[in-house]
Amino acid sequence: MRKEISWLQILIQCRSNIQEQIAPLLRKLDQPQPNLGIGAGGDPIKKIDMVAENAIVNTLRKYEISFTLISEESGAKEYGEKVDECYVTTDPIDGTTNLMRGVPFYATSIAISTKPKLSKVHTALVADLFHGITYTAQKGHGSCRNNQKITPSNNVSLEDAVIGIDLNSYKVQRIVPQLTALIERTKHIRHFGANALELCYVADGTTDAFIDIRGKLRTTDVAAAWLIIEEAGAIMTTPDGKPLDIKLDPGEKVEFIAAGNHEMHKTILSLIKPEKEAK
Ligand code: IPD
Ligand code: CA
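Residues numbered from 1 in each chain as written. Chains lettered and ligands numbered in written order. Predicted model: local features only at pLDDT ≥ 70, side-chain atom pairs only at ≥ 80, totals over all residues. Heavy atoms only, no water.

Trainee: So, the domain arrangement of the protein chain: which residues are in play, and what are the values?
Mentor: Along its sequence, the protein chain is carved into domain 1 (7–149) and domain 2 (162–278). The distance between the C-alpha centroids of domain 1 and domain 2 comes to 22 Å. In this complex, domain 1 contributes 40 residues to the contact, which on the side of domain 2 involves 29 residues. Both faces considered, domain 1 and domain 2 share a buried interface measuring about 2,600 Å² in area, 68% of it formed by carbon and sulfur atoms. The largest share of the area that domain 1 buries against domain 2 comes from Phe 105, Leu 118 and Tyr 135, three residues that together contribute 30% of it. Counting the contacts that link domain 1 with domain 2 gives three salt bridges. Between Asp 204 and Arg 145 there is a salt bridge, with its nearest N and O atoms 3.2 Å apart. One can count 15 residue pairs in polar contact (both at pLDDT 80 or more) joining domain 1 with domain 2. When contributions to the side of domain 1 that touches domain 2 are tallied by element, the ones reaching two or more residues are strand S1 (67–71), strand S2 (75–79), strand S3 (87–94), strand S4 (107–113), strand S5 (121–128), strand S6 (133–138) and strand S7 (143–145). (Domains from an automatic or database assignment. Contact = heavy atoms within 4.5 Å. Buried area = accessible area lost by both parts, 1.4 Å probe. Salt bridge = Lys/Arg side-chain N within 4 Å of Asp/Glu carboxyl O. Polar contact = N/O pair within 3.5 Å; in protein donor to acceptor, adjacent residues only side chain to side chain. Helix = DSSP H or I, 4+ residues; strand = E, 2+ residues; numbered from the N terminus.)

Here it is, written out as structure tokens:
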């Protein structure tokens, strides 16, 4: 890797290249998209994700970086020689369904780590591709939204709170009873459809919390947002309040409670029932 370029600059270059590469595939970004053909996995909505992934890989290779790619799209792949020194964990497009339907809420998520572990992520970017808003974080240096430092919400009252809950699951019989007490007490419940970006909303105080206990979200979706949350000073743990130290692997799934501050986090934990008590 060329020394004079920082990881942050490289990730910003990745974002710009993604925007450039996906643009010819799209109609106006806020409209339903044309049929984009069948992607490698035989899934009709995946071609755009692959184009975005290729834009990331090509950018990193241009900077002569060797790395292991951990991607929602093509799994784990090695590029170059010293592939165990740098891990690039990405969901090239988070919120593909939104993008395809013309819902203006989707993002690129890229995390760089020295090991395939969440705790080893040192640089992260989540870019809202529609609104031109880019969240970044570097370990020990805080988190930014379009280069301005961000801090989470200090709201501690569920009555005023805006809380995101991902209920997008066939397992509603398991998760809804666990969440009923929280939903009953919260004034505003949301789910926008791109979890990486929804976590960044917690990091900058746009919302007060975001919860996903489905056991279905891939670690590729949270790797970058986790550092953005941590560096902003917000909290993100397992549903029973433990640190989230997960393996970064395309097959690994994650459940979490993210909140703007300790008190809100504690309140949410106290209201979520463990699975065995929620029958
Ligand atoms: C999806 C989004 C969505 C969540 C799904 C994810 P994708 O990511 O984050 O909000 O409910 O579980 O798979 O598939 O658009 O990358
Ligand atoms: Ca995706």
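Trainee: Describe the nonpolar core, with residues and values.
Mentor: Of all hydrophobic cores here, the largest spans 40 residues; its most connected members are Val 126, Tyr 135, Leu 199, Ile 228, Met 236 and Phe 256. The biggest single contributor to this core is helix H6 (residues 219–232), with nine residues. There are two domains that each give this core at least three residues, and those are domain 1 (7–149) and domain 2 (162–278). Setting aside anything within four residues of it in sequence, one finds Tyr 135 in contact with Ala 124, Leu 125, Val 126, Cys 144, Arg 145, Ile 150, Leu 197, Cys 200, Tyr 201, Asp 204 and Ile 228. (Core = buried A, V, L, I, M, F, W, Y, C linked by side-chain atoms within 4.5 Å. Buried < 20%, exposed > 50% of the residue type's maximum accessible area, 1.4 Å probe, protein only.)

Trainee: Please give an account of the sheet that holds S3 that cites residues and values.
Mentor: Spatially, the eight strands line up as an open sheet ordered S2-S1-S3-S4-S5-S6-S7-S8, and their pairing is mixed. The two strands at the open ends of the sheet, each matched to only one other strand, are S2 and strand S8 (148–149). Relative to S8, S7 runs antiparallel, the two being bridged by two bridges. The residue bridging Arg 145 from the neighbouring strand is Gln 148, located in S8. In the packing of helix H2 (residues 47–62) onto the sheet, contacts are made with S1, S2, S3 and S4, and the angle to S3 comes to roughly 145°. (Pairing = 2+ DSSP bridges. Axes fitted to C-alpha atoms, helices over the stretch in contact; angles between N-to-C directions.)

Trainee: Can you explain the packing of helix H5 (residues 195–203) against H6? Please cite residues and give values.
Mentor: In contact at an axis separation of 9 Å, H5 and H6 are set at 0° when each is read in the N-to-C sense. Put simply, H5 runs roughly parallel to H6. Contact residues: H5 offers Ala 196, Leu 199, Cys 200, Val 202 and Ala 203, while H6 offers Asp 221, Val 222, Ala 225, Ile 228, Ile 229 and Ala 232. For the contact of H5 with H6, the class distribution of residues is 10 nonpolar, no polar and one charged. (Parallel < 35°, antiparallel > 145°, perpendicular 65-115°, else oblique. Nonpolar A, V, L, I, M, F, W, Y, C, P; charged D, E, K, R; others polar.)

Trainee: If you had to explain the sheet that holds strand S11 (residues 209–218) to someone new, which residues and values would you point to?
Mentor: Pairing is mixed across the open sheet formed by five strands, whose spatial order is S10-S9-S11-S13-S12. A strand with exactly one partner marks an edge of an open sheet, and here the two such strands are strand S10 (188–190) and strand S12 (235–237). Adjacent strand axes in the sheet meet at a mean angle of 15°, parallel and antiparallel pairs treated alike. For strand S9 (residues 162–165) and S11, the ladder comprises three bridges, and the chain directions are parallel.

Trainee: Requested: an account of the coordination of the calcium ion (ligand 2), with residues and values cited.
Mentor: Octahedral six-donor coordination of a metal ideally yields angles of 90 or 180 degrees, compared with 109.5 degrees for tetrahedral four-donor coordination. Distances from the calcium ion (ligand 2) to its protein donors, Glu 72 (OE), Asp 91 (OD), Asp 91 (OD) and Ile 93 (O), fall at 2.3 to 3.0 Å. Between consecutive donors of the calcium ion (ligand 2), the numbers of intervening residues give the motif E-x18-D-x1-I. In this pair, Glu 72 sits in the loop between S1 and S2 while Ile 93 sits in strand S3, placing the two residues 21 residues apart along the sequence. In this structure, Glu 72 and Ile 93 share a single accessibility class: buried. (Donors = N, O, S within 2.8 Å, 3.2 Å for Na, K, Ca; no water.)

Trainee: Can you lay out the site of ligand 1 for me, pointing to particular residues and giving the numbers?
Mentor: For ligand 1, the set of nearby residues contains 15 residues, the closest of which are Asp 94, Gly 95, Thr 96, Asp 166 and Asn 195. Note that an oxygen atom of ligand 1 is positioned 2.7 Å from one of the side-chain N or O atoms of Asp 94. With respect to ligand 1, the side chain of His 191 contributes an N or O atom lying 3.3 Å from an oxygen atom. In isolation ligand 1 has 370 Å² of accessible area, and contact with the protein removes 86% of it. Only S3 and S11 provide two or more residues apiece to the shell around ligand 1. Top contributing element to the shell around ligand 1 by residue count: S3, with three residues. In terms of residue class, the shell around ligand 1 is made up of three nonpolar, six polar and six charged. (Near = heavy atom within 4 Å. Areas by Shrake-Rupley, 256 points an atom, 1.4 Å probe, with all protein chains shown as cover.)

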